[in-house]
Amino acid sequence: MDDLEKAVLISFDEMGTVDSALKSQAVAFCQQMKESPTVGRVCIEKLVFCKLVQVQFWCLQTVQEVISGRYSLLSLEEKDFFRKSVFSLCGFDGVDDENAARFLDGPAFIKNKLAQVLVTLIYFEYPLVWSSVFVDLLPQLSKGARVIDMFCRVLNALDDELISLDYTRTADEMVVATRVKDAMRQQCIGQIVRVWYDIVCMYRNTDQELCSGVLDTMRRYISWIDIGLVMNDIFMPLLFELILVDGGSEQLRGAACSCVLAVVSKRMEPQPKLNILQGIQIERVFGLVTGDSDSELVSKAAALITGFAVEVLDCNRRVSTEDAKRVSTDLLNEVLPSVFYVMQNCEVDATFSIVQFLSGYVTTMKSLSPLTEKQLLHVRQILEVIRSQIRYDPAYRGNLDTLDKIGREEEDRMVEFRKDLFVLLCNVGRVAPEVTQVFIRNALNSAVASSSDVNVEEVEAALSLLHAIRESLSDESIRNGSGLLSELVPMLISTRFPCHSSRLVALMYLETITRYMKFVMENTQYIPMVLTAFLDDRGIHHQNLHVSRRASYLFMRVVKLLKAKLVPFIEKILQSLQDTVSHFTSMDFTSNQCSGAEDGSHIFEAIGILIGMEDVPLEKQSEYLASLLTPLCRQIEVLLMNAKILNPEESPAKVANIQQIIMAINALSKGFSERLVNASRPSIGLMFKQTLDALLQILIAFPKIEPLRSKVTSFIHRMIDTLGASVFPYLPKALEQLLAESETKEMVGLLVLLNQLICKFNTSVHGILDEIFPAIAGRIFTVIPSNGFPSGPGTNTEEMRELQELQKTLYTFLHVIATHGLSSIFLSTKSRAYLEPMMQLLLYTACHHKDTVVRKACVQIFIRLIKDWSVGPYGGEEKLVLFGEIVMAQTIMYEKFGNEFLFHFVSKSFQSAHCPQDLAEQYCQKLQAADIKAFRSFYQSLIENLRGQQNGNLVFR
């Protein structure tokens, strides 16, 4: 063993037994050898004499790299040497030679690598240099199975490395592939196909594995050779003989199926393709798929049947003559029963999309009316396939009920998997609505008849079909109960399934009822049934927490839809919800009792909608509302009294308790309109004012607990909408408390609250805003940089993102103030100190902010302020300050936006002010001259000139 052989063995060590330094040295030595100009000859010599497979592989890899990387640099002698040596090692020149025999009997990975080396030569030399390579190969095949096997490996490598479009190819590789295929078609492919036929005939009874390999190679080539070489009276009978023979090798029978599939799948014009499909006589293989579904033969036969069906369907779409349509339809009708069987009973080939094929078939039926009996049968079979496909695997039943990690993953997977199937279902429903509804009715009947939990998945699938088909139905058809809906919906509402304890079944049941509520709105006799379904242990009182939460939300949606129709049932509803409500009105409630308490607020929202209607008598309305608000507020009072003596263990639970109460009251108030609480029934409004007053105490008792401050802020938002202007007396104290301990994130919420007030009440909030603006400005301008935020590594922190959000909200706040007649706030004695930093921030942002929307908002603020302040009743000093800011703003605008600013300002604002053309031109000249002092003087005279014409108030619009 020489140094190279030792180095190769060491470099190939994967056991970790070789010292890492020694291995690195060996790798370096091998790499150094590869760079030698004579390494090719050295490797060929090693291949002749060395029996170590690691060395053989390294040498073959190196020879391949030499040929592919240095081909243009090789001499004619070197090229001829490689050509003859590789051809000989493959056994195609002297198979009796001991060296060739050693390779042909060697491991598969060595033979495959040797085939790749030969293909690399073919890449560069066929057909221009080595035109006889394939012709030279063919006579050698008579030497036996080992040479035939090597021949197949070469053709497979040629397909993998150059021809197959399953891999990404470069433009140069595509050119070479076309050159090779064209030459083979012209020179030798016919001979090769004949050799394939002869080999299979000769070895079919003695070496079926070899025959399988030959057919697998042929399958690869059928897509680009003349189809007549295989689709003829000689080869096709042989293939079907191999497929249908009993007792034959499954591998060989499967390989023959794959060859027929390649023939079927070959791209060509529709009419010739249809002729081929007719000649296949596919019905001969239908019986093969009824065997063991795990067998290779069944899998291959199933792929052939589905592939055939795809091609027939494609022909049906593409052919134009009536006769061709009829033939393709007959073929489709013939193959579809087996396709449906395969879909439900076999492992479907990965390249075949059940949904895509069935959607294509359903599309062909859209133009047919009426459907034939056979087509209607196919529709029913499609529906059966959909039902079987959407069923959950019972193995995951426990995981899906508890919704553990495995259950969540399986549910997410099925939700995604079902999407296309439900689209297909809706398409079927549009093509054959009656058949579809009958199928769903029968599925539901079958589910109802189930006497135990064993059919959980069947029941859920049946409900899912009814739920999904809703997408294909119009609202009008739902309201009218068209078709079988007048039977299906009542059946759904009134049914109590044996497996209703299942989370999946219970959820789908409630979701489906909700989807068909428009039917109940028109058929109010079913309202009691709907209420019972939601209020008993099928819904809100279900044993599974996930179900009861979702039921609460869906019930709220149902209440929103039915509203006044539910007035007669309010007593019953409240009575049924008494225990649920008590979770909020009882001091026993803690955060551990309902971790999803956000969903609990949906119950209160539903109750609020119910009792907040004017259809409810005032006396009853007051009674209902008091029964809810009084214990909740009392609970708040008790908690606040004990706030200072809470120990660390109690505090989180009590805080969580307060949060839930605020959410409950907030949700409850959504059902009461501003008109009702202020105009028609002010006593109801008084109850909410008292509640607001009670909740504002939370800000005093817990001034630094952000979740509570956030919940109270949310309630103030709600009360602004509900109580209207009567909320004003409560705002000063609320805003003061919210501002007192507010962090950056909370300040954003405060600005949003103020924006709501301004937008709703306009100048009516002047007094409130005048009091609070200085404190807000003082807080914000100390934390927001006037010249932008830093950028670069380490600046994208949570704190920086919060400040950027605050800045963005501030601009909205200033914009709202300016556009709602409140700009005088900025000039008040209390706020004057913040005018300059505000203007500088706006100017900088208008010029430099990366967000064009923000820049535009700042410009709009400026224009509005200029308009307001130029005509305001301000004193001399105020005018001087404001005038300077106005001049500076225009100067910076021109510097940033150039002539675009001039065009907009002059063409829009000056024209509306009826400014003479010569003055407008002077304005442009002065601004462009960049002499601020001269521009200021000119602008002052311009204003006085226009004001003398009583146009000064129009200049800045």
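Cut-offs applied
- Residues numbered from 1 in each chain as written.
- Predicted model: local features only at pLDDT ≥ 70, side-chain atom pairs only at ≥ 80, totals over all residues.
- Heavy atoms only, no water.
- Helix = DSSP H or I, 4+ residues; strand = E, 2+ residues; numbered from the N terminus.
- Rg over C-alpha atoms; globule rule 2.2 N^0.38 Å.
- Areas by Shrake-Rupley, 256 points an atom, 1.4 Å probe, with all protein chains shown as cover.
- Lys, Arg positive; Asp, Glu negative; His and termini not counted.
- Charge placed at Lys NZ, Arg CZ, Asp CG, Glu CD.
- UniProt positions renumbered as here; feature names shortened; annotations may be inferred.
- Disulfide = S-S within 2.5 Å.
- Buried < 20%, exposed > 50% of the residue type's maximum accessible area, 1.4 Å probe, protein only.
- Patch = residues over 30% accessible without salt bridge, like charges linked within 9 Å, V, L, I, M, F, W, Y side chains within 5 Å.
- Salt bridge = Lys/Arg side-chain N within 4 Å of Asp/Glu carboxyl O.
- 1 Å grid on protein atoms, 1.4 Å probe; cavity = no way out; pocket = protein on both sides within 12 Å on 5 of 7 lines; lining within 4 Å.
- Points joined across faces, edges and corners; volume = space filled by probe spheres on them.
- Nonpolar A, V, L, I, M, F, W, Y, C, P; charged D, E, K, R; others polar.
- Expected span 1.5 Å × (residues − 1).
- Arc of directions from axis to C-beta.
- pLDDT = per-residue confidence, 0-100.
- Contact = heavy atoms within 4.5 Å.
- Axes fitted to C-alpha atoms, helices over the stretch in contact; angles between N-to-C directions.
- Parallel < 35°, antiparallel > 145°, perpendicular 65-115°, else oblique.
- Left-handed = near helix turned anticlockwise from the far one by under 90°.
- Core = buried A, V, L, I, M, F, W, Y, C linked by side-chain atoms within 4.5 Å.
- Phe/Tyr/Trp six-rings, centres within 6.5 Å; stacked < 30°, edge-to-face > 60°.
- Lys NZ or Arg CZ within 6 Å of the ring centre and 35° of its normal.

Asker: I'd love a proper account of the overall build of the protein, names of residues and values included.
Answerer: What the protein contains, in helices and strands, is 47 helices and 0 strands. Relative to the 2.2 N^0.38 estimate, which gives 30 Å for 957 residues, the radius of gyration of the protein is 42 Å and therefore markedly larger than a compact globule would have. In terms of overall dimensions, the protein has a C-alpha envelope of 115 × 85 × 70 Å along the principal axes. Counting only carbon and sulfur atoms, one obtains 51% of the accessible surface of the protein, whose full area is about 43,200 Å². Within the protein, one finds 94 positive and 112 negative side-chain charges whose respective centroids are separated by 5 Å.

Asker: Go over the UniProt feature "domain: Exportin-1/Importin-beta-like" (unreviewed entry) in the protein, please, and point to the residues and values.
Answerer: What UniProt calls "domain: Exportin-1/Importin-beta-like" (unreviewed entry) maps, in this numbering, to residues 107-260. Structurally, residues 107-260 comprises 71% helix and 0% strand, and the distance from its first C-alpha atom to its last is 31 Å.

Asker: Any details on the state of the cysteines? Residues and values, ideally.
Answerer: Enumeration over the complete set of coordinates arrives at 0 disulfides. The thiol sulfur of Cys 188 is not disulfide-bonded, and the nearest other cysteine sulfur, from Cys 152, lies at 14 Å. Given the relative accessible area of 1%, Cys 188 is considered buried. Residue Cys 858 stays outside any disulfide, its sulfur separated by 9.4 Å from that of Cys 847, the closest cysteine. The class of Cys 858 is buried, set by a relative accessible area of 0%.

Asker: Requested: an account of a negative patch on the surface, with residues and values cited.
Answerer: A cluster of acidic residues, Glu 250, Asp 292, Asp 294, Glu 296 and Glu 347, forms a negative patch on the protein surface. Within the secondary structure, Asp 292 is located in the loop between α15 (270-280) and α16 (296-318).

Asker: Quick one: what's the story with the layout of surface pockets, residue by residue and with numbers?
Answerer: Here the largest pocket is characterised by a volume of approximately 1,200 Å³. In this structure, the largest pocket is lined by 37 residues; those nearest its centre are Asp 166, Leu 261, Ala 262, Ser 265 and Thr 351. Of all the secondary structure elements, the ones that give two or more residues to the lining of the largest pocket are α9 (145-163), α12 (208-222), α14 (250-265), α16 and α18 (354-365). When residues of the lining of the largest pocket are assigned to their parent elements, the largest contribution, 11 residues, is made by α16. Here the lining of the largest pocket is composed, by residue class, of 14 nonpolar, 10 polar and 13 charged.

Asker: Describe helix α46 (residues 917-928), and please don't skip the residues or the numbers.
Answerer: Helical geometry note: an α-helix holds 3.6 residues per turn, so side chains three or four residues apart project in the same direction. The end-to-end C-alpha distance of α46 is 17 Å, a good match for the 16 Å that 12 residues give at a rise of 1.5 Å each. Leu 919, Ala 920, Tyr 923, Cys 924 and Leu 927 are the residues of α46 that are buried. For α46, the buried positions fall inside an angular range of 145° around the axis, keeping them on one side. More than 90 degrees from the buried face of α46, the exposed residues found are Gln 917 and Gln 925. Positive phi shows up at Ala 930, right after α46, with a value of about 65°.

Asker: Residues and numbers for unusual backbone geometry, please.
Answerer: Going from Tyr 126 to Pro 127, the amide bond is cis rather than trans, its omega being 0°. Residue position: Pro 127 is located in the loop between α7 (108-125) and α8 (133-137). The backbone phi angle of Asn 762 is positive, close to 55°, even though this residue is not glycine. Among the structural elements, Asn 762 can be located in the loop between α39 (744-761) and α40 (766-781). One non-glycine residue with positive phi stands out, namely Ala 930, at about 65°.

Asker: Give a description of the confidence of the model for the protein that names residues and reports values.
Answerer: On average, the protein scores 89 in pLDDT, and the residues at 70 or more come to 93%. Here residues 589-598 is a poorly scored stretch, pLDDT under 50, and it has 18 contacts once near neighbours within four places are set aside; other chains count. Considering only residues more than four positions removed or in separate chains, one finds that residues 952-957, a stretch of pLDDT under 50, has 23 contacts.

Asker: Explain empty space enclosed by the protein to me, using residue names and the numbers behind them.
Answerer: Tallying each qualifying case throughout the model produces 2 cavities of 30 Å³ or more. Here the largest cavity defines a volume of roughly 70 Å³. Roughly 40 Å³ of volume is contained in the second largest cavity. Looking at the second largest cavity, the residues that line it are Leu 754, Leu 757, Ile 758, Val 765, Ile 768 and Leu 769.

Asker: Please give an account of the side chain of Glu 125 that cites residues and values.
Answerer: Position of Glu 125 among the secondary structure elements: in helix α7. Using a relative accessible area of 0% as the deciding quantity, one classes Glu 125 as buried. Not counting residues within four places of it along the chain, the set of residues in contact with Glu 125 comprises Tyr 71, Lys 79, Arg 83 and Trp 130.

Asker: Which residues make up the packing of helix α36 (residues 682-701) against helix α38 (residues 731-740), and what values go with them?
Answerer: Running from amino to carboxyl end, α36 crosses α38 at an angle of 25°, the nearest separation of the two axes being 9 Å. Overall, the two elements α36 and α38 adopt an arrangement that is roughly parallel. Crossing geometry of α36 relative to α38 is assigned as left-handed. Within the contact between the two elements, α36 uses Asp 693, Leu 696, Gln 697, Leu 699 and Ile 700 and α38 uses Lys 733, Ala 734, Gln 737 and Leu 738. Of the residues assigned to the contact of α36 with α38, the class counts are 5 nonpolar, 2 polar and 2 charged.

Asker: Which residues make up the nonpolar core, and what values go with them?
Answerer: By size, the foremost hydrophobic cluster in this structure holds 333 residues, and its most contacted members are Met 184 and Tyr 923. Residue contacts for Tyr 923: discarding those within four places in its chain leaves Gln 890, Phe 901, Leu 902, Phe 905, Val 906, Phe 910, Phe 935, Phe 938, Tyr 939 and Leu 942.

Asker: Explain the packing of aromatic side chains residue by residue, including any values.
Answerer: One pass over the structure, following the stated rule, counts 22 aromatic pairs. For the ring pair Phe 12 and Phe 57, a centre distance of 6.5 Å and an interplane angle of 80° mean the geometry is edge-to-face. Taken as a pair, Phe 12 in the loop between α1 (3-11) and α2 (20-34) and Phe 57 in helix α4 (residues 53-70) lie far apart in primary sequence, 45 residues in all. Residue classification places Phe 12 among the partly exposed positions, given a relative accessible area of 32%. A centroid spacing of 6.0 Å and a plane angle of 85° characterise the contact between Phe 497 and Tyr 509, whose relative ring orientation is edge-to-face. Taken together, the residues Phe 497 in the loop between α25 (485-494) and α26 (503-515) and Tyr 509 in helix α26 connect sequence positions 12 residues apart. Both residues of the pair, Phe 497 and Tyr 509, count as buried. Connected via pairs of aromatic rings, a cluster forms that spans Phe 12, Phe 57 and Phe 109. Cation over ring: Arg 83 sits above Trp 130, and NZ or CZ is 6.0 Å from the ring centre.

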